[in-house]
Amino acid sequence: MIFLFLMSSLLNWFPAATFAPANDAAPAVSCEWWDQWLKKNVSASGVVDYKSMKADQAALETFIHELGLNVPSASASKNEQFAYWINLYNAATVELVLQHYPVKSIRDINKGKPWDLPFITVDGKKYSLNNIEHDILRSKFADPRIHFAINCASRSCPKLMNGAFIPDKLESQLNALTKSFINDTAKNKITATQIDISEIFNWYQQDFMQKGSVIDFLNSWSATPISATASIHYLNYDWSLNESL
């Protein structure tokens, strides 16, 4: 009863537009609240203010709960479904960190395997972050730009975008994040003959080789043209939390 009362109170706290009905029979959850919350707590460069977020953790939990109850219907567009799962993944990652905050790294959670925890309820089924990333996002959408959209709460990870993913803007959002990450000299060091790049390109190499080599993929976005014979090295991954020092 206490839980139901708290849920009711939190739902009343959200703006009326937050949980808007979809155009078809299936309900949908607007990400207006999530968008504003990210703008408030995440810098343009992706630095996250977990201390401030912690004070609003109950509201985030309610948002994730509502997302889990309102999965896009089969008739929803690809971009509606795609944006839904990215937003859910990122919101759940933040929630997982907040559940254990303060922590120095997301890998301090669950003995270094936070992505295996089945703590996200979607349509009555428990999911882990790995389930969403590998079984849904990578499997269903097969878009390598996914890796620059979902966030692992770490300094070497692509930044957490300080706004929600919107179906109508999804293509431009994914393109901007991909270009930004690849040309970020703190994450990748690119010259014509040698590239020192993120481990992401090693871990998910096959995703980036759908239409050629990893270098071919990088050349689609890199401000510096890379030779096909350039040497490749992978940078050490910094798993410390993506918050200010």
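Residues numbered from 1 in each chain as written. Predicted model: local features only at pLDDT ≥ 70, side-chain atom pairs only at ≥ 80, totals over all residues. Heavy atoms only, no water.

1. Regarding the overall build of the protein chain
In terms of helices and strands, the protein chain carries nine helices and five strands. Looking at the protein chain residue by residue over its 245 residues, the buried ones come to 48%. Accessible surface computed for the protein chain: about 12200 Å², of which carbon and sulfur atoms make up 54%. (Helix = DSSP H or I, 4+ residues; strand = E, 2+ residues; numbered from the N terminus. Buried < 20%, exposed > 50% of the residue type's maximum accessible area, 1.4 Å probe, protein only. Areas by Shrake-Rupley, 256 points an atom, 1.4 Å probe, with all protein chains shown as cover.)

2. Points about the pattern of salt bridges
With the rule as written, the count across this model stands at five salt bridges. With its nearest N and O atoms 3.6 Å apart, the salt bridge here joins D56 to K40. Of the two residues, D56 is situated in the loop between α3 (50-55) and α4 (57-69) and K40 in helix α2 (residues 32-41); the sequence distance between them amounts to 16 residues. Residue D56 is classed as partly exposed on the basis of its relative accessible area of 22%. The partner of E171 in a salt bridge is R145, and the shortest N-O contact between them spans 3.0 Å. Residue E171 is located in helix α7 (residues 170-182), and its partner R145 is located in the loop between α6 (129-141) and α7; the two are separated by 26 residues in the primary sequence. The exposure class of E171 is partly exposed, given its relative accessible area of 41%. (Salt bridge = Lys/Arg side-chain N within 4 Å of Asp/Glu carboxyl O.)

3. Some remarks on unusual backbone geometry
Y101 connects to P102 through a cis peptide bond whose omega is 5 degrees. As for its placement among the helices and strands, P102 is situated in the loop between α5 (78-100) and β1 (120-122). Phi is positive for N110, close to 55 degrees, though the residue is something other than glycine. Along the chain, the position of N110 falls in the loop between α5 and β1. Accessibility expressed as a relative area gives 35% for N110, which makes it partly exposed.

4. A look at α5
Taking 1.5 Å per residue, 23 residues should reach 33 Å; α5 reaches 34 Å between its end C-alpha atoms and fits that length. Within α5, 18 of the 23 residues are buried, which leaves the element mostly enclosed by the surrounding structure. (Expected span 1.5 Å × (residues − 1).)

5. Considering the sheet that holds strand β3 (residues 189-190)
Sheet strands line up and pair through hydrogen bonds in the backbone, either parallel or antiparallel. Taken in spatial order, the three strands make up an open sheet running β3-β4-β5, and their pairing is mixed. Since the sheet does not close on itself, it has two edges, and those belong to β3 and β5 (231-234), each with one partner. Bridging between strand β4 (residues 194-197) and β5 involves four bridges; their strand directions are parallel. Residue pairing across strands places I195 opposite I232, the latter belonging to β5. (Pairing = 2+ DSSP bridges.)

6. Brief notes about the nonpolar core
Counting residues in each nonpolar core, the largest one holds 73 residues, and the members touching the most others are W34, Y50, L60 and F201. A per-element tally of this core places α5 first, with 13 residues. Setting aside residues up to four positions removed in sequence, L60 forms contacts with W33, W34, W37, A91, V94, E95 and L98. (Core = buried A, V, L, I, M, F, W, Y, C linked by side-chain atoms within 4.5 Å. Contact = heavy atoms within 4.5 Å.)

7. What to know about the side chain of E199
Considering the arrangement of structural elements, one finds E199 in the loop between β4 and α8 (200-203). Of the side chains bearing the opposite charge, R107 lies closest to the buried E199, which forms no salt bridge; the N-O distance is 10.0 Å. Apart from the residues within four sequence positions on either side, E199 is in contact with Y234, L235 and Y237. (Lys, Arg positive; Asp, Glu negative; His and termini not counted.)

8. Points about the pairing of β4
Side-chain direction in a regular strand flips from residue to residue, so the side chains alternate between the two faces of the sheet. One ladder, built from two bridges, connects β3 with β4; its direction is antiparallel. Directly across from K189, in β4, lies its bridge partner D196. In textbook terms, the turn of a hairpin is the stretch between consecutive antiparallel strands, and for β3 and β4 this stretch comprises three residues.

9. Observations regarding the packing of aromatic side chains
The tally for this structure, following the rule as stated, stands at 19 aromatic pairs. The interplanar angle of 50 degrees and the centroid separation of 4.9 Å between the aromatic rings of F201 and F208 together place this pair among those described as tilted. Taken together, F148, F181, F201, F208 and F217 form an aromatic cluster joined through their ring pairs. Looking at R107, its charged tip hangs above the ring of W239, at a distance of 5.0 Å from the centre. (Phe/Tyr/Trp six-rings, centres within 6.5 Å; stacked < 30°, edge-to-face > 60°. Lys NZ or Arg CZ within 6 Å of the ring centre and 35° of its normal.)

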